[in-house]
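So you can see what is in the structure, the chains are spelled out below.
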Amino acid sequence: MNRGPSLIERLRHRRAWRLTPQRRVVAEVLDGEHVHLTPDEVLRRARRRLPEISLATVYNALNELVALGEVRAVETGGGRVRYDPNVGRPHDHLVCLGCGALRDVYPRGRLSLPPSQRFGHRVIIRETTFKGYCPQCAPPARRERRAT
């Protein structure tokens, strides 16, 4: 499957956004399919390429990328946020409530909000997050008690 232009390629065409060395390294770290990193993970990976980069710079770059619509901030629960550069193809997310692993998913069928439930809003984006436990974090299966 062709996933389209990379994040760096998309950013090169944005003349209003200066691609500094710090911004470039953040974008390079984020690029890829099924990449969903926390700011701390971005910082660790970015420091391998640019040791002097700070957490504040990472946050600034992430916030700018979200504002540009080039990266999506995905709330995974408990105040945790991961950043998704896969904005070219509409998709939802599947998150593990144990370890926080996050995957892009493409459910079948079309989920839409009926006009009666829009309360006058013009819907422009839908974000759905499925939550559960991955095989490594799944609690042991419980036997259901039958009512007597």
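What this report covers is the structure whose coordinates are included nearby.

The rules behind the values
- Residues numbered from 1 in each chain as written.
- Predicted model: local features only at pLDDT ≥ 70, side-chain atom pairs only at ≥ 80, totals over all residues.
- Heavy atoms only, no water.
- Core = buried A, V, L, I, M, F, W, Y, C linked by side-chain atoms within 4.5 Å.
- Buried < 20%, exposed > 50% of the residue type's maximum accessible area, 1.4 Å probe, protein only.
- Helix = DSSP H or I, 4+ residues; strand = E, 2+ residues; numbered from the N terminus.
- Contact = heavy atoms within 4.5 Å.
- 1 Å grid on protein atoms, 1.4 Å probe; cavity = no way out; pocket = protein on both sides within 12 Å on 5 of 7 lines; lining within 4 Å.
- Points joined across faces, edges and corners; volume = space filled by probe spheres on them.
- Nonpolar A, V, L, I, M, F, W, Y, C, P; charged D, E, K, R; others polar.
- Salt bridge = Lys/Arg side-chain N within 4 Å of Asp/Glu carboxyl O.
- Pairing = 2+ DSSP bridges.
- Axes fitted to C-alpha atoms, helices over the stretch in contact; angles between N-to-C directions.

1. A word on the nonpolar core
Phase 1: Of all hydrophobic cores here, the largest spans 22 residues; its most connected members are Val26, Leu30, Val42, Ile53, Val58 and Leu65.
Phase 2: Top contributing element to this core by residue count: helix α2 (residues 21-30), with five residues.
Phase 3: Aside from chain neighbours lying at most four places away, what touches Ile53 is Gln22, Val25, Val26, Leu43, Ala46, Arg47 and Val58.

2. Brief notes about the environment of Ala56
Phase 1: Note that Ala56 resides in helix α4 (residues 55-68).
Phase 2: Taking relative accessible area as the criterion, Ala56 reaches 48% and is therefore assigned partly exposed.
Phase 3: Along the sequence, Ala56 and Arg110 sit 54 residues apart, while their C-alpha atoms lie 39 Å from each other.

3. Things to note about the layout of surface pockets
Phase 1: Reported here for the largest pocket is a volume of approximately 490 Å³.
Phase 2: Lining the largest pocket are 23 residues, and of these Arg72, Pro90, His91, Asp92 and Arg126 sit closest to its centre.
Phase 3: Reported here for the second largest pocket is a volume of approximately 230 Å³.
Phase 4: Lining the second largest pocket are Arg110, Leu111, Ser112, Leu113, Arg118, Val123, Ile124, Ile125 and Arg126.
Phase 5: Of the residues assigned to the lining of the second largest pocket, the class counts are five nonpolar, one polar and three charged.

4. Concerning the pattern of salt bridges
Phase 1: All chains considered together, the criterion is met by six salt bridges.
Phase 2: The shortest N-O distance in the salt bridge between Arg82 and Glu41 comes to 3.0 Å. A residue pair is termed long-range when its members are at least 10 positions apart, and Arg82 in strand β2 (residues 80-84) and Glu41 in helix α3 (residues 39-49) qualify at 41 residues.
Phase 3: What makes Arg82 buried here is its relative accessible area of 13%.
Phase 4: Judged by its relative accessible area of 21%, Glu41 is partly exposed.
Phase 5: The partner of Arg72 in a salt bridge is Glu127, and the shortest N-O contact between them spans 3.8 Å. Placement of the pair is Arg72 in strand β1 (residues 72-77) and Glu127 in the loop between β4 (102-105) and β5 (129-132), with a sequence separation of 55 residues.

5. A short note on the sheet that holds strand β3 (residues 92-96)
Phase 1: Spatially, the three strands line up as an open sheet ordered β4-β3-β5, and their pairing is mixed. The open sheet has two edge strands with one neighbour each: β4 and β5. Put simply, the sheet's adjacent strands are angled 25 degrees from each other on average, direction ignored.
Phase 2: Two elements, β3 and β5, share four bridges in a ladder whose sense is parallel. From the neighbouring strand, His93 faces β5, where its bridge partner is Thr129.

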